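Close look at the chain arrangement
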Amino acid sequence: MGSSGKPRAVVTGITGQDGSYLAEFLLEKGYDVFGVVRRSSTEKFERIKHFQDRITLMHADLTDQGSMIDVITEARPREVYNLAAQSFVPTSWKQPMLTGQVTALGVTCVLEAIRVVDKSIRFYQASSSEMFGNAQETPQRESTPFYPRSPYGVAKVYGHWITVNYRESYGMFAVSGILFNHESPRRGLEFVTRKISLGVARIRLGLDTEVRLGNLDAKRDWGYAGDYVRAMWLMMQQETPEDYVVSSGETHSVREACEAAFSHVGLNWEDHVTVDPKFYRPAEVHLLLGDSAKARTRLKWTPEVSFRDLMGMMVDADIERLQRENQHGAV
Ligand code: NAP
Ligand code: F7E
């Protein structure tokens, strides 16, 4: 609790997709929100600028222990949400060392800062369905063994287990949400759903003719980011710290995502999608499907946005954005 009497939360990765939705959610719940940003020569506050005046930004980096200790010391939060990561799977093969330093050891950096400053601070770790990788059973649940298929997935397995370990070693309230893919109009441009929605918008507006994609057969359990940040908060309000799978419970192929997005604006995806082997991965995760029964029962969490509505929402948002930019002469 701060002097304002409001609960305080630190969010790492606040400039990312999930950080921006979580911060908005926490503000609505009456929190004082402290967002961790890393120093950059240009500001990247696109996703948070509409509420930036209502939060406190603090400079730190997940690879710098001292900076994280300073953040926790100064903010003195009740809850810390660790959403920062090198989160793009293909980049993890190009930069495996950096991915390990940020996505794996970065978790220890935040946990250590909490351990040193105040062990009663609650900690949320952004674990991922990529940990299941070459899935050992379907659907995947909390007890499914991990078999990561990328340096990113491997790093997330480390982050997951170090969170369990600090819980068991120091009695800390440290939880992992094993979240399946979640998307939104704020999704990074390189992820497949956003690549598709932006491509559809550009084609619809006559700015382009094709979208080049990789493996159309890969299947993912896609949900809406706004629904998933609610689950993060719910996990942190429980009496006991436990890990939860968060997923929609449906799986769809990249091909189906194309069909949903193109048909939303009356186009046939087969006329515009070109397969480019450049986007294939050295090792693919072929099928993910989550069983979120534990989250649904214990947290009373249910997702509200369906797969087709999600793709439609993203296409509409990209069309609106492009039209707005066009009016300002930016397209
Ligand atoms: P995102 O949009 O890529 O955001 C990542 C955030 O991490 C950005 O704010 C980025 O800052 C920050 N960051 C990166 N390196 C950092 C460093 N060294 N120090 C401090 N901050 C750093 O990711 P997201 O989709 O919101 O995902 C949030 C978290 O959930 C990530 O940990 C991701 O791995 C995990 N996750 C995501 C999904 C999903 O489907 N979205 C599913 C499961 C788990 P800059 O803006 O400065 O780059
Ligand atoms: O790929 C296939 C690709 O990059 C999904 C991250 O948030 O979710 C995300 O990881 C699938 C893969 O997400 C293209 O091969 C085909 O099978 O959108 P993505 P991801 O790798 O599943 C998990 C849960 C995370 O934790 C991660 O941080 O789509 N695919 N063609 C393509 N993917 C991309 N990016 N680009 C293509 O052209």
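Heads up: these notes are all about the structure in this document. Keep in mind that what you see is a predicted model, and the values were worked out from it rather than measured.

**Remarks on the overall build of the protein chain**
Looking only at helices and strands, the protein chain has 10 helices and 13 strands in total. Relative to a compact globule of 331 residues, whose C-alpha radius of gyration would be 20 Å, the protein chain shows 20 Å and is just as compact. With the principal axes as the frame, the protein chain shows a C-alpha extent of 60 × 50 × 40 Å. Expressed as a percentage of its 331 residues, the buried residues of the protein chain come to 53%. Here the analysis covers contacts within the protein chain between residues at least 6 apart in sequence; of these, 77% occur between residues at least 24 apart.

**A look at the site of ligand 1**
Among the 24 residues in the neighbourhood of ligand 1, the closest are listed as Thr15, Asp18, Arg38, Ser87 and Tyr152. Lys156 places a polar side-chain atom, nitrogen or oxygen, 2.9 Å from an oxygen atom of ligand 1. For ligand 1, the protein covers 89% of the area, taking 900 Å² as the surface of the free molecule. Those elements giving two or more residues to the shell around ligand 1 turn out to be α1 (17-28), β5 (122-128) and α5 (151-170). The element contributing the most residues to the shell around ligand 1 is β5, with three residues.

**Observations concerning helix α6 (residues 192-204)**
Along an α-helix, residues three or four positions apart point the same way, because every turn accommodates 3.6 residues. Over its 13 residues, α6 runs 18 Å from end to end, which matches the ideal 18 Å to within 8%, given 1.5 Å per residue. If you follow the buried residues of α6, they end up packed against β7 (182-183), β8 (211-213), α8 (254-264) and α10 (307-327). Directly after α6, the chain includes Gly206, whose backbone phi takes a positive value near 75°.

**Some thoughts on the sheet that holds strand β11 (residues 244-246)**
As a general point, the strands of a sheet are linked pairwise by backbone hydrogen bonds and lie either parallel or antiparallel. Ordered by their spatial adjacency, seven strands build an open sheet running β3-β2-β1-β4-β5-β6-β11, and the pairing between neighbours is parallel. The strands lining the two open edges of the sheet, one partner per strand, are β3 (56-59) and β11. Each strand of the sheet is rotated relative to its neighbour by a mean of 25°, with strand direction disregarded. Here helix α7 (residues 225-236) sits on the sheet and contacts β4 (79-82), β5, β6 (174-179) and β11; the angle it forms with β6, its principal contact strand, is near 155°.

**Digging into unusual backbone geometry**
Here the amide bond leading from Thr138 into Pro139 is cis, since omega sits at 0°, within 30 degrees of zero. Turning to its location among the elements, Pro139 is positioned in the loop between β5 and α5. Even without being glycine, Arg76 reaches a positive phi, approximately 45°. When you line up the elements, Arg76 lands in the loop between α2 (65-75) and β4. Positive phi, close to 55°, is recorded for Lys300, a residue that is not glycine. Relative to the helices and strands, Lys300 is located in the loop between α9 (293-298) and α10. Of the residues examined, Lys300 reaches a relative accessible area of 69% and is grouped as exposed.

**Looking at the site of ligand 2**
Neighbouring residues of ligand 2: 22 residues in total, closest Ser128, Tyr152, Lys195, Arg281 and Glu284. Residue Tyr152 places a side-chain N or O atom 2.6 Å away from an oxygen atom belonging to ligand 2. Summarising the interface, the protein chains cover 95% of the accessible area of ligand 2, which totals 700 Å² for the free molecule. Tallied by class, residues from the shell around ligand 2 come to nine nonpolar, six polar and seven charged. Lining the shell around ligand 2 are residues from two domains, each supplying at least three of them: domain 1 (8-182 + 223-246) and domain 2 (188-220 + 250-286 + 305-326).

Criteria and thresholds
Residue positions are counted from 1 within each chain, in the order its sequence is given. The order in which chains are written sets their letters, starting at A; the order in which ligands are written sets their numbers, starting at 1. Reporting in this predicted model follows two pLDDT cut-offs: at least 70 for local features of residues, and 80 or more for side-chain atom pairs to be given and counted; totals over whole chains, interfaces and linings ignore these cut-offs and use all residues. Excluding hydrogens and water, the side-chain figures rest on all heavy atoms present in the structure. In DSSP terms, a helix is any run of H or I states spanning at least four residues, a strand is any run of E spanning at least two, and both are numbered starting from the N terminus. Taken over C-alpha atoms, the radius of gyration is set against a globule rule of 2.2 Å times the number of residues to the power 0.38. Burial classes follow relative accessibility: with a 1.4 Å probe on protein chains only, a residue under 20% of its type's maximum area counts as buried, one over 50% as exposed, and anything between as partly exposed. In what follows, residue pairs with any heavy atoms lying within 4.5 Å of each other are defined as contacts. For this description, a residue counts as near a given molecule or strand if any of its non-hydrogen atoms is within 4 Å of it. Under this definition, polar contacts are N or O atom pairs within 3.5 Å; protein pairs additionally need one hydrogen-donor-capable and one acceptor-capable atom, and for neighbouring residues in sequence, both atoms have to be side-chain atoms. Under the convention used here, a 1.4 Å probe and the Shrake-Rupley method define accessible areas, while residue burial counts only the protein chains that appear. The span you would expect from a helix comes to 1.5 Å times its residue count less one. DSSP calls a pair of strands paired once it identifies at least 2 bridges connecting them. The angle between two axes is taken between their N-to-C directions and runs from 0 to 180 degrees, where each axis is a line fitted to C-alpha atoms and a helix contributes only its stretch in contact. Under this grouping Gly is polar, as are all residues other than the nonpolar Ala, Val, Leu, Ile, Met, Phe, Trp, Tyr, Cys and Pro and the charged Asp, Glu, Lys and Arg. Domain delimitation follows an automatic or database domain assignment.

Nothing here speaks to function; it is all geometry.
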